[in-house]
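# Examination of the molecular architecture
Here's the letter readout for the chains.
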Amino acid sequence: MNILILGGGGREHALAWAFAQNPKCDRLWCAPGNAGIAEVADCVALDILDGAKVLDFARENGVEFVMIGPEAPLAEGVADTLRAGGLLVFGPGREAARLEASKAFTKEIAAACGAPTAASQTFTDETAARAYVGVQGAPIVVKADGLAAGKGVTVATTEAEAQAALDAIFAEGPGARVVIEEFMTGEEASLFVLAHGTDLLVVGSAQDHKRAFDGDEGPNTGGMGAYSPAPAMTPEVTERALAEIVRPTLAEMARRGTPFQGVLFAGLMIEDGRPRLVEYNVRFGDPEIQAIAMRLGAQLLDAILACAEGRLAAARVNWAEDHAMTVVIAARGYPGDYARGEAIGLPALDDPRARLFHAGTRIEGGELVSNGGRVLDATARGATLAEARDLAYAVAAAVDWPGGFYRRDIGWRALPDDPAA
Ligand code: AMP
Ligand code: GLY
């Protein structure tokens, strides 16, 4: 099968690496890709938000399957355009992608299907939003509706902070919409479920680390490291999350005539064994999938194809009793301003349990250089989480890039008595 992956970050490198190992994969392209992806796929410059251009490329090159990595093309309806053109595609159409693209829509669906989530109200009127914050008090959570690359959420510990978040959202001008919701306590974990209509297959759980610095300090980022599985996602919690949140959501989407197809990434808050929905994403988490791909390897493509082809009911994944961790190496300054184009020296990796996925790299004058905020993902698996952690950190430490930084405490919740190297 000839496959095209859309995207060019660590998520897409992990997917390309897993796909390339599967004998079903003949030719593999990635648009736009990066320097690491170029080692396993042909990278092509394509505007991945332009479905017609992607369809043209696919037709000219005999692409049979398109895997859409990031949320932006999904929210643009690129999956719809490609499906209408007769291609096999992984990823929801524009309507179903609203589960990520609009927080207000997710709240509407959760209410319609009875999925437990934070109590909330949606506002377009600034005065009403401010009055609601005044009545509810802090702590409270303020979310800009719409895709915000992880930056649209303020967990306000004071009412002043919540009002300041509203200042920023309503400064966007007319059309601004805000979801204001109850602050939930508990432990966060992510559940990744492949879904086609109402058929589903769980492909793993993970825990991310969103803050930039050790001890969960500093600004929010796209994610600084993750491990899989998440201890909080016990079989009981997983069953409950499927029964009370994921299945009702899929049924409601199907009932509305906009069935979901792709990966439903449920961000959950778990307290006393009870999961509640924080948010949905409609694509794999980055860097969560780097850890999950390390555990699943080539069978990830089998599961993804079973989803795209509507064969999920009979699909299975074979789990090893193992653990994986990924540590993101980012450019100093990220998530604020940072330099690009800095030379990076990579270590030779002789242990098959370890990989360095590229998140933001390119080749310049024959040399590997940084080309983004998140740049590399040191990823490893092991029989225990501590083993995976030690190997991932050994790989990160061997990278020669003075301009990079990484958190030293990825996995601290799951390894509380065992501080990171
Ligand atoms: P989101 O972009 O919706 O995932 O929000 C980013 C982060 O904000 C989440 O990962 C949570 O840590 C936090 N968060 C979002 N909503 C809530 C909530 N209702 N209660 C507590 N924390 C929240
Ligand atoms: N790592 C969080 C996300 O992909 O949204």
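Reference entry: report on the structure contained in this document. Because the structure is predicted, anything quoted here is derived from the model rather than measured. (Residues numbered from 1 in each chain as written. Chains lettered and ligands numbered in written order. Predicted model: local features only at pLDDT ≥ 70, side-chain atom pairs only at ≥ 80, totals over all residues. Heavy atoms only, no water.)

### A look at the packing of aromatic side chains
Within the structure shown, the criterion is met by 9 aromatic pairs. An angle of 50° between the planes, with centres 5.2 Å apart, marks the rings of Phe123 and Tyr132 as tilted. The two residues Phe123 and Tyr132 agree in class, both being buried. The structure contains a cluster of three or more aromatic residues connected by ring pairs, namely Phe90, Phe192, Phe265 and Phe284. (Phe/Tyr/Trp six-rings, centres within 6.5 Å; stacked < 30°, edge-to-face > 60°. Buried < 20%, exposed > 50% of the residue type's maximum accessible area, 1.4 Å probe, protein only.)

### Looking at the sheet that holds strand 7 (residues 140-144)
Strand order in the open sheet made by the 4 strands is 6-9-7-8, with antiparallel pairing throughout. Edge positions in the sheet fall to strand 6 (120-123) and strand 8 (153-156), since each has one partner strand and no second. Along the sheet, successive strands turn relative to each other by an average axial angle of 15°, direction set aside. As paired strands, strand 6 and strand 9 (residues 178-182) are joined by 4 bridges and run antiparallel to one another. Bridge pairing in strand 9 places Gln121 opposite Ile180. With respect to the sheet, helix 7 (residues 126-136) is in contact with strand 6, strand 7 and strand 9, its orientation differing from that of strand 6 by roughly 160°. Its contacts with the sheet place helix 8 (residues 159-170) against strand 7, strand 8 and strand 9, and it is angled at close to 10° to strand 7. (Pairing = 2+ DSSP bridges. Helix = DSSP H or I, 4+ residues; strand = E, 2+ residues; numbered from the N terminus. Axes fitted to C-alpha atoms, helices over the stretch in contact; angles between N-to-C directions. Contact = heavy atoms within 4.5 Å.)

### A short note on the pairing of strand 15 (residues 261-271)
Of all 11 residues that make up strand 15, 10 are buried, and the element is covered over most of its length. Here strand 10 (residues 187-196) pairs with strand 15 via 10 bridges, running antiparallel. Each residue of the ladder has a partner; that of Leu194, found in strand 15, is Val263. Between the end of strand 15 and the start of strand 16 (residues 274-281), which pair antiparallel, lie 2 residues, with Asp272 showing a positive phi angle near 50°.

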